[in-house]
Amino acid sequence: MSDFDTDRAVIDLGARLRDRLEPLDELELARLRAARSSAVDAMSVPVVASQSAIPFGVAAALLVTVVVGLVSLEPRSSEVVVVSPVPIPEPEVLLGPEDLEFLGDLEFYAWLEMQAEADAEAEDDTVTDG
Amino acid sequence: MVPARKKGVAGRKQALDMFLAGVEARAFRIALLSTGEREEAMDAVQDAMMRLAQRYGGRPEGEWPPLFHRILQNRLRDGGRRQTVRRRYVQAPVDQGAPDPVMSYPGPAVQRPDRQVALADAGVALEVAVRALPARQREAFLLRAIDENSVAATARLMECSEGSVKTHLHRAITALRVALEGHENE
């Protein structure tokens, strides 16, 4: 049996089967709509649109750099007295609005990394599904 | 940034809604032909929708069709296993005496005497033969014959090569023709 014969048989048998199928009634259509609505409501969406903006490695390195920088700016009891007579302001004061937004972004990237791990676990599940 | 994220979530939900709206009726038909029971088919499609949304909603939209198809097929297979176990208990011998309520539970359509008569009908014979196909052959056949996908699209949904799809189809058609012998004139 050639591919052509197989295709013809598939089309013929498919038509016979479709003719036998009763169309979905109103109740069934309503149940499908309700199920779809519930599924959409239950959808968990980590939006990854900005994921490609900065690779996680770079983001993590920047985060470490910022943290180290902030720690080095914190006054130590001995140094405050001896080195700087001027009181060092809060770290947030040293940072401009862009920097604060950047810090917020870094938190978001850290959250995305957690989502990526969750996705990896889900991918394992996909393999199991397959 | 936050409003953009919120807009993204809304957009994703809308995309999922559109995707499910596009596949739900066809999925139901495939599930119905796989199970032979409308209620079981409805449950399978509903479960598949929910599972896709909860577990894979964050995946790229292009991955949804094969994921949804795979989830549905796994759900149908699990349902089939449960049916097999139930059938085993339904058919188990019982002691004499009062009728066993388990025995009186209506079994699948093919086991009921009234439906046995109807099996003479070629259409019913075709449905039964489709359900009797091995899972991958049935999957390929229904995706091509009922969902009217191309061989290439069927291969993508089944996550296999086009050659494998053709092989499954060839075997399925051969098996169906054998099953339908004697019904061809009906």
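Residues numbered from 1 in each chain as written. Chains lettered and ligands numbered in written order. Predicted model: local features only at pLDDT ≥ 70, side-chain atom pairs only at ≥ 80, totals over all residues. Heavy atoms only, no water.

Chemist: Describe the packing of aromatic side chains, naming the residues involved and giving the relevant values.
Modeler: In this description, a pair of aromatic rings is defined by centroid distance and the angle of the planes. Residues and elements named next belong to chain B. What the rule picks out here adds up to two aromatic pairs over all chains. Here the aromatic rings of Phe 19 and Trp 64 are separated by 6.0 Å at their centres, their planes lie at 45 degrees, and the arrangement is tilted. Here Trp 64 lies in helix α3 (residues 64–90) and Phe 19 lies in helix α1 (residues 2–35), a separation of 45 residues in the sequence. According to the relative accessible area criterion, Trp 64 is buried, its value standing at 1%. Feature note: the residues Phe 19, Trp 64 and Phe 68 constitute an aromatic cluster, connected by ring pairs. (Phe/Tyr/Trp six-rings, centres within 6.5 Å; stacked < 30°, edge-to-face > 60°. Helix = DSSP H or I, 4+ residues; strand = E, 2+ residues; numbered from the N terminus. Buried < 20%, exposed > 50% of the residue type's maximum accessible area, 1.4 Å probe, protein only.)

Chemist: Run through the side chain of Arg 144 of chain B, naming residues and quoting values.
Modeler: Of note, Arg 144 of chain B is situated in helix α6 (residues 135–145). By relative accessible area, which is 14% here, Arg 144 of chain B ends up buried. In this structure the side chain of Arg 144 of chain B is engaged in a polar contact, spanning 2.8 Å, whose partner is the backbone oxygen of Asn 149 of chain B. Contacts of Arg 144 of chain B, omitting those with residues within four sequence positions, involve Asp 7 and Val 10 of chain A together with Asn 149, Ser 150, Val 151, Thr 154 and Leu 169 of chain B. (Polar contact = N/O pair within 3.5 Å; in protein donor to acceptor, adjacent residues only side chain to side chain. Contact = heavy atoms within 4.5 Å.)

Chemist: If you had to explain the packing of helix α1 (residues 3–20) of chain A against helix α8 (residues 162–180) of chain B to someone new, which residues and values would you point to?
Modeler: The contact between α1 of chain A and α8 of chain B brings their axes to 10 Å, and the two run at 60 degrees. Classified by the angle their axes make, α1 of chain A and α8 of chain B are oblique. Taken as a pair, α1 of chain A and α8 of chain B cross one another with a handedness that is left-handed. In this structure, α1 of chain A contributes Asp 3, Asp 5, Thr 6, Ala 9, Val 10, Leu 13 and Arg 16 of chain A to the contact, and α8 of chain B contributes Lys 166, Leu 169, His 170, Ile 173, Leu 176, Arg 177 and Leu 180 of chain B. Partitioning the contact of α1 of chain A with α8 of chain B into residue classes produces seven nonpolar, two polar and five charged. (Axes fitted to C-alpha atoms, helices over the stretch in contact; angles between N-to-C directions. Parallel < 35°, antiparallel > 145°, perpendicular 65-115°, else oblique. Left-handed = near helix turned anticlockwise from the far one by under 90°. Nonpolar A, V, L, I, M, F, W, Y, C, P; charged D, E, K, R; others polar.)

Chemist: Account for the side chain of Glu 28 of chain A, naming residues and giving values.
Modeler: Inspection of the secondary structure puts Glu 28 of chain A in helix α2 (residues 26–41). Classification of Glu 28 of chain A by relative accessible area gives buried; the value is 8%. In contact with Glu 28 of chain A, other than residues within four places in its own chain, are Pro 23 of chain A together with Phe 28, Arg 38 and Met 42 of chain B.

Chemist: Describe in detail the interface of chain B and chain A, supporting the description with residues and values.
Modeler: Of the residues lining the interface, 56 residues belong to chain B; the matching set on chain A comes to 41 residues. Overall, the association of chain B and chain A removes approximately 4,500 Å² of surface from exposure, summing both partners, and the carbon and sulfur fraction of that is 62%. One can count seven salt bridges joining chain B with chain A. Between Glu 39 of chain B and Arg 31 of chain A there is a salt bridge, and its shortest N-O distance comes to 2.8 Å. Where chain B packs against chain A, one counts twelve residue pairs in polar contact (both at pLDDT 80 or more). Among the elements of the structure, α1, α2 (38–56), α3, α5 (122–132), α6 and α8 of chain B are those that each provide at least two residues to the side of chain B that touches chain A. (Buried area = accessible area lost by both parts, 1.4 Å probe. Salt bridge = Lys/Arg side-chain N within 4 Å of Asp/Glu carboxyl O.)

Chemist: I'd like to hear about the nonpolar core, residue by residue, with values.
Modeler: Core analysis: the largest hydrophobic core is formed by 58 residues, its most contacted members being Leu 16, Leu 52, Phe 68 and Phe 141 of chain B. Among the elements that line this core, the one with the most residues is α1 of chain B, at eleven residues. Residues within four places of Leu 16 of chain B in sequence aside, it is in contact with Ala 39, Val 40 and Met 43 of chain A together with Leu 52, Ala 53 and Trp 64 of chain B. Core analysis: the next-biggest nonpolar cluster, separate from the first, contains five residues, Ala 59, Phe 108, Tyr 109 and Leu 112 of chain A among them. (Core = buried A, V, L, I, M, F, W, Y, C linked by side-chain atoms within 4.5 Å.)

Chemist: How would you sum up the environment of Val 151 of chain B? Please name residues and give values.
Modeler: Residue and element names in this part refer to chain B. In this fold, Val 151 is placed in helix α7 (residues 151–158). Judged by its relative accessible area of 14%, Val 151 falls in the buried class. Separated by 15 residues in sequence, Val 151 and Lys 166 place their C-alpha atoms 7.4 Å apart.

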